[in-house]
Amino acid sequence: MDAFGDGNFEQHEVDPAAEFLAREQNALAGLEDEIPPIPVSNGTVEDDVTQPKAEDGNDDFSGYTVPKQVTEEPERIRKWREEQKTRLEEKDREEERKKEELREQARKELEDWYKHHEEAISKTKAANRNAEKQFVAETDEIEPGTEWERIAKLCDFNPKTNKSSKDISRMRSIILQLKQNPISTSKKV
């Protein structure tokens with residue numbers, strides 16, 4: 001009967017990877033018995049070579065240690081490291097010296113800035129006090145009919161000063177007309 005008619009699908013499939021691993025293990029099974037152990041010596045370089053250990057037999061390489069590396073530096077490298085260390089220390093000292101110079105320079109510049117700032121403030125205060133005194137003196141001299149002259153003093157009649165502002169030419173012309181021909185105000189009772 002064929003596989004389609006009776007529903008019997010029992011075919012033994014073989015995994016090719018598992019088959020390959022089994023063949024290789026059989027072929028390599030006797031190799032670890034052929035490697036002779038290296039004898040242990042006292043304090044020589046041969047001590048640093050791989051030596052078998054009897055810890056566990058689970059891994060093929062578990063009985064061997066990794067050789068230790070010789071860590072002694074050549075004379076040129078040691079000398080270079082010392083020179084590099086002294087160069088870096090010198091650079092650090094130079095950097096600290098430059099930092100201090102910059103800090104001192106910044107401190108002086110800041111003191112100068114504060115000095116000039118205080119001078120500017122004191123000049124502005126003096127100018128404001130003088131302007132206030134002049135303004136108070138002028139307000140005491142108020143005479144009837146001079147109001148438009150005082151207003152005209154406060155206005156800027158130069159049309160080229162503010163190009164970005166609104167057109168105020170009509171207001172200027174009205175103020176100038178009122179300054180020249182003031183409106184007489186008389187009280188009607």
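Residues numbered from 1 in each chain as written. Predicted model: local features only at pLDDT ≥ 70, side-chain atom pairs only at ≥ 80, totals over all residues. Heavy atoms only, no water.

Student: What exactly am I supposed to notice about the overall build of the chain here?
Tutor: The secondary structure content of the chain amounts to 6 helices and 0 strands. Counting helices and strands in the order they occur from the N terminus, the chain gives α-α-α-α-α-α. Counting every position in the chain, which comprises 189 residues, the buried fraction comes to 4%. Taking all contacts inside the chain whose residues are at least 6 apart in sequence as the whole, residues at least 24 apart take part in 21%. (Helix = DSSP H or I, 4+ residues; strand = E, 2+ residues; numbered from the N terminus. Buried < 20%, exposed > 50% of the residue type's maximum accessible area, 1.4 Å probe, protein only. Contact = heavy atoms within 4.5 Å.)

Student: In this structure, what is going on with the pattern of salt bridges? I would like to understand it.
Tutor: Between side chains of opposite charge, pairing is possible as soon as their charged atoms come close. Enumeration over the complete set of coordinates arrives at 9 salt bridges. Residue Arg93 pairs with Glu90 through a salt bridge whose shortest N-O separation is 2.7 Å. Here Arg93 and its partner Glu90 are both found in helix H4 (residues 75-140), 3 residues apart, which amounts to about one turn of the helix. Residue Arg97 is joined to Glu101 by a salt bridge in which the shortest nitrogen-to-oxygen separation is 2.4 Å. Here Arg97 and its partner Glu101 are both found in helix H4, 4 residues apart, which amounts to about one turn of the helix. Note on Arg97: relative accessible area 40%, which makes it partly exposed. Three or more residues joined by partner-sharing salt bridges are found here, namely Glu75, Arg78 and Glu82. (Salt bridge = Lys/Arg side-chain N within 4 Å of Asp/Glu carboxyl O.)

Student: So what exactly am I meant to see when it comes to a nonpolar patch on the surface here?
Tutor: The grouping of Leu110, Trp113 and Tyr114 at the surface amounts to a nonpolar patch, some 340 Å² of accessible area in total. You can call Trp113 partly exposed: its relative accessible area is 47%. (Patch = residues over 30% accessible without salt bridge, like charges linked within 9 Å, V, L, I, M, F, W, Y side chains within 5 Å. Areas by Shrake-Rupley, 256 points an atom, 1.4 Å probe, with all protein chains shown as cover.)

Student: Would you explain the packing of helix H5 (residues 147-154) against helix H6 (residues 169-180) in this entry?
Tutor: Helix-helix packing is characterised by the crossing angle of the two axes and by the distance between the axes. In the contact formed by H5 and H6, the axes pass within 8 Å of each other and the chain directions differ by 145 degrees. Handedness of the H5/H6 crossing: left-handed. Residue-level inspection shows Trp148, Glu149, Ile151 and Ala152 of H5 in contact with H6, the latter providing Ile175, Leu178 and Lys179. Grouping the constituent residues of the contact of H5 with H6 by class yields 5 nonpolar, no polar and 2 charged. (Axes fitted to C-alpha atoms, helices over the stretch in contact; angles between N-to-C directions. Left-handed = near helix turned anticlockwise from the far one by under 90°. Nonpolar A, V, L, I, M, F, W, Y, C, P; charged D, E, K, R; others polar.)

Student: Teacher, can you tell me more about the packing of aromatic side chains here?
Tutor: Describing an aromatic ring pair means giving the distance of the ring centres and the angle of the ring planes. Taken as a whole, this structure holds 1 aromatic pair when the rule is applied. Ring plane angle 70 degrees and centroid distance 5.2 Å describe the contact between Trp113 and Tyr114, whose orientation is recorded as edge-to-face. (Phe/Tyr/Trp six-rings, centres within 6.5 Å; stacked < 30°, edge-to-face > 60°.)

Student: Would you take a moment to explain H6 for this structure?
Tutor: The end-to-end C-alpha distance of H6 is 17 Å, a good match for the 16 Å that 12 residues give at a rise of 1.5 Å each. Listing the buried residues of H6 in full gives Arg172, Ile175 and Leu178. The buried residues of H6 occupy one face: seen down the axis, they fall within an arc of 130 degrees. The exposed residues of H6 that point more than 90 degrees off its buried face are Arg170, Gln177 and Gln180. Check the buried side of H6 and you find it contacts H5. (Expected span 1.5 Å × (residues − 1). Arc of directions from axis to C-beta.)

Student: Is there a simple way to think about the confidence of the model for the chain in this case?
Tutor: A low pLDDT score tells you not to read the predicted coordinates there in detail. Considering every residue of the chain, the mean pLDDT works out to 77; 62% of them sit at 70 or more. At the low end of the mean pLDDT range in the chain sits helix H1 (residues 3-6), at 57; at the high end sits H4, at 94. Segment residues 45-49: pLDDT under 50, and 10 contacts once partners within four positions in sequence are set aside and those in other chains are kept. (pLDDT = per-residue confidence, 0-100.)

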